[in-house]
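Next come the chains, spelled out residue by residue.
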Amino acid sequence: MTGGGGTLREGLAAGTYTITLHCGSTLTATVHVSTARRATLTPAGAAATGDGSAEDHLGVGDAAVGSAFLLGGLAFGTASFIRRRRAGARG
């Protein structure tokens, strides 16, 4: 099976074209080109972007996870501080 891509030159007239491929053997294919009008969109006015705040507000689950990380960090920091303090008192 043969496959591939190609680019048609701009302004190519509608019609039937024969193409020939050479890669080890010679293959011939027929390409039908039709013209189509592209819709041209022109933006008008300002974008509706809102007030600049975050579109995706945090929910209860996000707040719970954030609080768990914060409390875990505080607990780790406190434990490290107490451990250093006790190690310094012994030495």
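Parameters and conventions
Residues numbered from 1 in each chain as written. Predicted model: local features only at pLDDT ≥ 70, side-chain atom pairs only at ≥ 80, totals over all residues. Heavy atoms only, no water. Helix = DSSP H or I, 4+ residues; strand = E, 2+ residues; numbered from the N terminus. Pairing = 2+ DSSP bridges. pLDDT = per-residue confidence, 0-100. Patch = residues over 30% accessible without salt bridge, like charges linked within 9 Å, V, L, I, M, F, W, Y side chains within 5 Å. Areas by Shrake-Rupley, 256 points an atom, 1.4 Å probe, with all protein chains shown as cover. Salt bridge = Lys/Arg side-chain N within 4 Å of Asp/Glu carboxyl O.

Draft legend 1. Molecular detail of the overall build of the protein. Scanning the protein from terminus to terminus reveals 1 helix and 2 strands. When the helices and strands of the protein are placed in sequence order, the string is β-β-α.

Draft legend 2. Region of interest: the pairing of strand β2 (residues 25-33). Bridge count between strand β1 (residues 15-23) and β2: 9 bridges; the pairing is antiparallel. Residue His22 lies in a different strand from β2, and its bridge partner there is Thr26. Linking β1 back to β2 in an antiparallel pair, the connection comprises 1 residue, with Gly24 at a positive phi of about 85°.

Draft legend 3. Broad picture of the confidence of the model for the protein. Across the protein, the average pLDDT comes to 75, with 68% of residues at 70 or higher. Mean pLDDT values for the elements of the protein range from 76 in β2 up to 88 in helix α1 (residues 60-90).

Draft legend 4. Just a nonpolar patch on the surface, in detail. Among the surface-exposed residues, Ile19, Leu21 and Leu27 lie close enough to one another that they form a single nonpolar patch of about 220 Å² accessible area. Note that Ile19 resides in strand β1.

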